[in-house]
Amino acid sequence: MSVGYWTLVVRDSGSQTRGNDVSDDAVQLEKRIRFALSTLGESNSHHEFEALCLGLARRRITSNLLPATGPVSSGGDQGRDAESHWSNIPRELPGTSLFASLASTQRVVMACTIQATDIPGKIRKDLASICGQGTPVDRVIYFTVTAVPTGKRHDLIDEAARTHQVELEIWDAAALALHLADYDLFYLAVQYLHLPSDLAPPRPDGAGQLPDWYVEARRRWQANDEPARTLGDLVDLRGPLRHATLHDEARADLPEWIGHARALLAAAAGEHTALRARYEIVVATLRGLGDMHPTDQLARDFFDTVTADDTLTDPGILEDAVVLLQYGFGALVRRLTALTAEDLCGWQHLLADKIGRLLVADPPPNAMAHLLAMRARLALHADMTAGLESVPEDLPTVAEVTASVREAVEAGEPIPAQQSEPPLTDLDTGMRILLRLGHHLDNAPLFPIEHTADLFDYLTPVLVDHPLYREVRDLLDQATDRVTGQSARGERAQSRGHALIKSGRIPQALQEIHEAKANWLRGDTLEGGLIMLLLCARLYSELGLPIAAKQYALAAATAATSAPAPELNRFVPRGIILAAQYDRQAGNWISATRLFCIGLMAQNSYCDEPYNHERYPYVWDMMGNQALTLRVADAVRPGFVPLLRTITASAGIDTIIDDLLASTADVLTAAEETYAEEADAHGVGRPFSDAGPTRRYAWNALGVDWEITCPNDRLSVLAAERYTAALQVFLGELAVGDPLFLPGSLSVAIRADTTLPHDQPAVCDQSADRDTNRWRLRLPTIAPADVETEPSRLLTALVKVVLSQSLLSDEAFMHLVEQALASGFWHKLFVGRPYDELADFLKADDYQTMATLADPAVGAGTPRGQAKPAALPARTGPGPGHEHGQPSTPSATAMPTCSPSCATPFPAWPQTPASGEQPRS
C-alpha cells in the first residue's frame, strides 16, 4: 500500500506544504474520506456509493465485476449491486496489490448500503435476498459507510457460512478510507466524495510515468456515468486498454479497463461492435494478465459468430479472427486456456474456407490483398494436429513475449524473430499465396504490407529453405521499400539475419546481413551500414574464412574515416583492431601485432577512456591474444620475440602485456607440434604463418583443404590476400548452394607480376598430382583506375580455379555463379575500395623483416589435420541431378582439369538454368 508515501500539497500556489509528518498526513486524509463517506447517507447518494464501491472492488477484489440491473429501491437487482463473471485473480493480476491473493475463482457478488443504523440487520436481509434467488453465490463482498465492530463482523461472517454457505467479507468505512487514500484509488474519492484533487498523494517511487494522453483518457472514462455502447466508444477505449496491457506502470489499471470493455460488450449496439469488444477483452486478458481461461467463452462466441455468418466479410473482423486464432494456439501450448486443439483447428479450417470463397468472388484489389495476406497467415499457423508432446518446456511466457515485442516497438526495431522450428499447417500453400500476394501488391498501393512482412521475418528460420523463399522475400522487400524506404528493407534483412544466426544458419544469415549492409551504406544510415560490415566480418570469421573477415573489418574502418558524423569515427579503431584479430586467426601473428598497434593508436585518437574494459571489449580480447602471441613465440620461436617487443613498445602496451603474461606464468608451455595441431583442430592458421620467405594461408571449407601461398613481399602479399578474400567470400556464397566439390586439397601459388597490364586478367596454369589440385597464378597489381573493372577480372580467376574442384558440369556450375550474381555478389566481392587499398597498412620494409625470419614454419613436420568440426563443412545427402537407385556422385580416379589459361574474358552467364544436369566425371 502507498498510504505512508505521500505529502500533502498546497491547494493554490504551491509555495508551502501542509503537514510535516507523512504518517500524520495519511491519517488526516483518511479522516477526511471517512467524514465524506458519512455524508452520503444524509444526501441519499446510494448510486454514488455503489459506483465508488464497484470501482474499488474492481481494483482490489476482482476485475470481472459488472453492475447489476433493476431499480435498487424495489429490489429489482435481487440485492446484488454487482456480480462477477468467473475470475482467477491470483493468476490474472500477479503482484499488483496485496488483495489480489484474496480473490477466488468463485461467483462473487457485491452489495452495499448507506444506511447508518442497524447494519447487522441490513446485511442479514440482503444476504437472504442474494442467496435466496438467482444464480448460486459463493462469496459476498459487503460495503457500508458505517463502521462495523470487529465482534459483530465475525458473528455475521460465521452466520453467513452456517445459514447460506457463502463467504462474507465486510468493508466498512475504516477499510474504505484506508484504500481510497491510496494513489491509484484516490480518484474515486475525488469523483464520488467530491474531495479536492490536490489532496491526492504523490505517485509512489518506482511506479513509472504515464503519458498525458493516457492519464486524460483514464480521467474521462472514470468520470463517465453513461454506459459505452458504440464502435466509436470502443475505438476510444482500445488505446488506453492496450497501453495498460503492455506497460507495467499502467498494469494496475487493467482490471478497470477490462471492466469498461465488458460493460461495453453487455450494452453493445450491433454485432460488429460486440465482436471487436470480445477480441479486445480476450487479448487484454491473455497478454496483460497471463491467462485466457476467464475469456474462453468470449473467444468461442467470437469464432462461432465469424465462421457461421457469411454476411460478416469486414476485413478488420476477419483479421482479428486470424490474429486471435494465433493467440489461442499460443495459449494452448502454454496451458492457459481450456479451448482444445480440435476447437482451434476447426475454426482455422472454417476461416480458411470462408476466405477462400471470398477470394473466388474476385474482390477489389485492396480487399484481395487483405484476403491473400490472411489466407497465408492461416497456412503459416503452427500445426496443432501434430500434437503438443513436442512443445519445448522453456517457451517464453506471455509476459516475456509481450515485453520483448513492446521493447522492439518502442525502440523502432523489428519484431524479435522466431527461433524454433514448429511445424506449420501448410508451408507450401502459405508460400504460394505469399508469392501471389507479392505479385499483386502493385495493384494494391494502400495495403499495409508491414504486418505481413513482419510475419515473414518472424518465421525466417522455418521458411529459408523453401524454394520460393528468395522470390517472396524480394517481392515483400520491394513493396516495403515503396512504403517505408530502403532503410526499412535493411532493418528487415538485419532482423532475418539475426534470427538465422541464433538458429545456427550462418551461411544463410550472411546473405541477409549482406542485404542489410547494401541498403544502409549511405549518409543517413551509415552507422547501421558500418555495424553490418562488422557483423559480416564476424560471420566470415565464424565460418573459418578469416581473410574475408579482415577485408570487411578494414572496409568498416575505411568507411568510418570519411563519415560525415564525427561520432562514427569510433568505428575506425574498432575495425582495425578486429581486422588484426582476424589476421591472427589466419595465422599472420606478426602482421596482426603490427595492425593491432596501429589500431591502438586510432583508439587513443578517437575514443574517450580508450582502455575501458566494458566499453571496448575488442581491445582486451586482442590484448589477451597478443600476450599469448608473445608466450608462444618465447616457447617455439624465441628469435621472433625482439621483433614483437619492438612493435608492442611502439604502442606503449608492454606493461599491460607483461601483467597479462605474469598471470599465466605458472602455465606450462606446449611443444611446437601441439600448437600446430591445436590450430588445425580449431580451423585457424598455424602460428606465425607470415614468417619466412613464403606466406601460407590454409583453411578447410566445403570438404576441401584450401591453401594459398605467396612470396613474403608487399605486392605479392596484397595480391594473394586480395585473391584469398575474394575466394573466401565466393565460398561463403557457394555454401548456400551445392558446388559438389571433390574432397581433397587445392593449392594456389600466387605472385604479383608488375609486368602484366592492369587490364589483363590473371595468368594461370594447373597441374595435378596424386593428392593436390595445384594452380599457379600471376596477378597484376591494382591501380586506382581499376576499381570498376577489377571485380570482374578477379571473378574470372576465381571461377577458373574453383570450377576445377567441382564435379558439376560447366553449365550447372555457372548457374550457381549466375544465382550468386543475382543475389548481389558484386557488392559482396568488392567492399567500397580495392582490397590492396584497404589493407595497405604495412611498409615494404615490414614485409622484408618478416621474410628474413627464416626459421622453419611452425609445425613444418606435422601433417595438417582437419578442423573438428569444420566451420563450413561439406554438404551431405544426394547431389544435384541425383536419381534414386543411382550414385549421387561418380567415382573419380583423377583430378578434374580445365583449360590452362585464365586470360579469357569472363564468360557470359546462361540465361536459363540447365535442367537435369548430371555431375561431371
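Residues numbered from 1 in each chain as written. Predicted model: local features only at pLDDT ≥ 70, side-chain atom pairs only at ≥ 80, totals over all residues. Heavy atoms only, no water.

Attention shifts here to the overall build of the chain. Assigned secondary structure in the chain consists of 36 helices and 10 strands. Looking at the 921 residues of the chain, the share that counts as buried comes to 52%. Here the analysis covers contacts within the chain between residues at least 6 apart in sequence; of these, 73% occur between residues at least 24 apart. Accessible surface, the chain as shown: approximately 39,600 Å² in total, 53% of it carbon and sulfur. (Helix = DSSP H or I, 4+ residues; strand = E, 2+ residues; numbered from the N terminus. Buried < 20%, exposed > 50% of the residue type's maximum accessible area, 1.4 Å probe, protein only. Contact = heavy atoms within 4.5 Å. Areas by Shrake-Rupley, 256 points an atom, 1.4 Å probe, with all protein chains shown as cover.)

This part is about the packing of helix α14 (residues 341–360) against helix α15 (residues 365–379). When two helices pack together, their arrangement is captured by the angle between the axes and the distance separating the axes. At a minimum axis distance of 10 Å, the contact between α14 and α15 shows a crossing angle of 155 degrees. One finds that α14 runs roughly antiparallel with respect to α15. Every pair of crossing elements has a handedness; the one defined by α14 and α15 is left-handed. On α15, the residues that touch Gln348, Leu351, Ala352, Ile355, Leu358 and Leu359 of α14 are Met368, Leu371, Leu372, Met374, Arg375 and Leu378. Residues that form the contact of α14 with α15 fall into these classes: 10 nonpolar, one polar and one charged. (Axes fitted to C-alpha atoms, helices over the stretch in contact; angles between N-to-C directions. Parallel < 35°, antiparallel > 145°, perpendicular 65-115°, else oblique. Left-handed = near helix turned anticlockwise from the far one by under 90°. Nonpolar A, V, L, I, M, F, W, Y, C, P; charged D, E, K, R; others polar.)

What follows deals with the sheet that holds strand β8 (residues 744–752). Taken in spatial order, the five strands make up an open sheet running β6-β7-β8-β10-β9, and their pairing is mixed. Each edge of the sheet is formed by a strand with only one pairing partner; in this case those strands are β6 (694–701) and β9 (763–768). Across the sheet, the mean angle from the axis of one strand to that of its neighbour is 15 degrees, orientation sign disregarded. Where β6 meets strand β7 (residues 704–711), eight bridges bridge the pair, whose relative direction is antiparallel. (Pairing = 2+ DSSP bridges.)

Counting 220 residues, the largest nonpolar core has Phe688, Tyr723 and Phe813 as the members making the most contacts within it. Counting residues in hydrophobic clusters, the runner-up holds 35 residues, among them Leu29, Cys53, Val108 and Ile141. (Core = buried A, V, L, I, M, F, W, Y, C linked by side-chain atoms within 4.5 Å.)

Before going further, it helps to examine the pattern of salt bridges. Applying the stated criterion to the full structure yields 35 salt bridges. Across the pair Asp320 and Arg276 runs a salt bridge whose closest N-O atoms are separated by 3.7 Å. Highlighted residues: Asp320 in helix α13 (residues 315–333) and Arg276 in helix α11 (residues 271–289), separated in sequence by 44 residues. Looking at Arg276, the relative accessible area reads 18%, which means it is buried. Among the ionic pairs, Asp840 bridges to Arg714, the shortest N-O distance being 2.6 Å. (Salt bridge = Lys/Arg side-chain N within 4 Å of Asp/Glu carboxyl O.)

With six of six residues buried, strand β3 (residues 108–113) is to be regarded as a mostly interior element. Here β3 shows a buried face lined by Val108, Met110 and Cys112 and a second buried face lined by Val109, Ala111 and Thr113. Bridge count between β3 and strand β4 (residues 139–144): six bridges; the pairing is parallel. Paired with Ala111 across the two strands is Tyr142, which belongs to β4. After leaving β3, the chain enters helix α4 (residues 119–132) and then returns to the sheet as β4, a path that is right-handed. (Right-handed = clockwise from strand over helix to strand, strands pointing away.)

Attention now moves to helix α24 (residues 546–561). Here α24 spans 23 Å end to end across 16 residues, near enough to the 22 Å set by a 1.5 Å rise per residue. Counting buried positions along α24 yields 13 of 16 residues, so the element is predominantly enclosed. (Expected span 1.5 Å × (residues − 1).)

In this section: the packing of aromatic side chains. We describe a pair of aromatic rings using the distance from one ring centre to the other and the angle between the two ring planes. Enumeration over the complete set of coordinates arrives at 14 aromatic pairs. Judged by centre distance (5.5 Å) and plane angle (40 degrees), the ring pair of Tyr540 and Tyr552 falls under tilted. Separated by 12 residues along the polypeptide, Tyr540 in helix α23 (residues 526–542) and Tyr552 in helix α24 bring together distant segments of the chain. The interplanar angle of 90 degrees and the centroid separation of 6.5 Å between the aromatic rings of Phe730 and Phe813 together place this pair among those described as edge-to-face. (Phe/Tyr/Trp six-rings, centres within 6.5 Å; stacked < 30°, edge-to-face > 60°.)

Moving on, we come to the environment of Thr781. Tracing the backbone through its elements, the reader meets Thr781 in the loop between β10 (772–779) and α32 (790–803). Sequence separation between Thr781 and Pro757 is 24 residues; the distance between their C-alpha atoms is 8.7 Å.

What follows is about the pairing of β9. Where β9 lies against β10, six bridges are found, and the strand directions are antiparallel. The residue of β10 that forms the bridge with Ala768 is Asn773. From the end of β9 to the start of β10, which pair antiparallel, there are three residues.

Turning to its location among the elements, Arg238 is positioned in helix α9 (residues 231–246). Owing to a relative accessible area of 29%, Arg238 belongs among the partly exposed residues under this scheme. Taking the C-alpha atoms as reference, Arg238 lies 9.9 Å from Arg276; in sequence the two are 38 residues apart.

Quick look at the state of the cysteines now. Counted by the stated rule, this structure contains zero disulfides. There is no disulfide at Cys112, and the cysteine sulfur nearest it, in Cys53, is 4.7 Å away. In this structure Cys112 comes out as buried when scored by relative accessible area, which is 3%. (Disulfide = S-S within 2.5 Å.)

Quick look at the packing of helix α10 (residues 254–266) against α11 now. Two numbers describe how α10 lies on α11: the axes approach to 9 Å, and their chain directions differ by 160 degrees. Comparing their axes, α11 and α10 come out roughly antiparallel. For the pair α10 and α11, the sense of crossing is left-handed. Residues Leu254, Ile258, Ala261, Arg262, Leu264 and Leu265 of α10 lie in contact with α11, whose contacting residues are Thr273, Ala274, Ala277, Arg278, Ile281, Ala284, Thr285, Gly288 and Leu289. Residue composition of the contact of α10 with α11, by class: 10 nonpolar, three polar and two charged.

A few words now on unusual backbone geometry. Despite not being glycine, Arg335 shows a phi value in the positive range, around 60 degrees. Within the secondary structure, Arg335 sits in the loop between α13 and α14. For Arg335, a relative accessible area of 61% corresponds to the exposed category.

This part is about the confidence of the model for the chain. With 79% of its residues at a pLDDT of 70 or more, the chain has an overall mean of 79. Within the chain, the lowest mean pLDDT, 40, falls on helix α3 (residues 89–92), and the highest, 94, falls on helix α12 (residues 296–308). A low-confidence stretch, residues 1–22 (pLDDT under 50), is modelled with 38 contacts involving residues beyond four sequence positions or located in other chains. A low-confidence stretch, residues 85–104 stays under pLDDT 50, and its non-local contacts, those more than four residues away or across chains, total 48 contacts. (pLDDT = per-residue confidence, 0-100.)

Turning to the side chain of Ser823, a few remarks are in order. Tracing the chain through its elements places Ser823 in the loop between α33 (810–822) and α34 (825–829). Classification of Ser823 by relative accessible area gives buried; the value is 13%. A polar contact of 2.9 Å, which involves the side chain of Ser823, links it to the backbone oxygen of Ala820. In contact with Ser823, other than residues within four places in its own chain, are Arg470, Gln511, Glu733 and Lys828. (Polar contact = N/O pair within 3.5 Å; in protein donor to acceptor, adjacent residues only side chain to side chain.)

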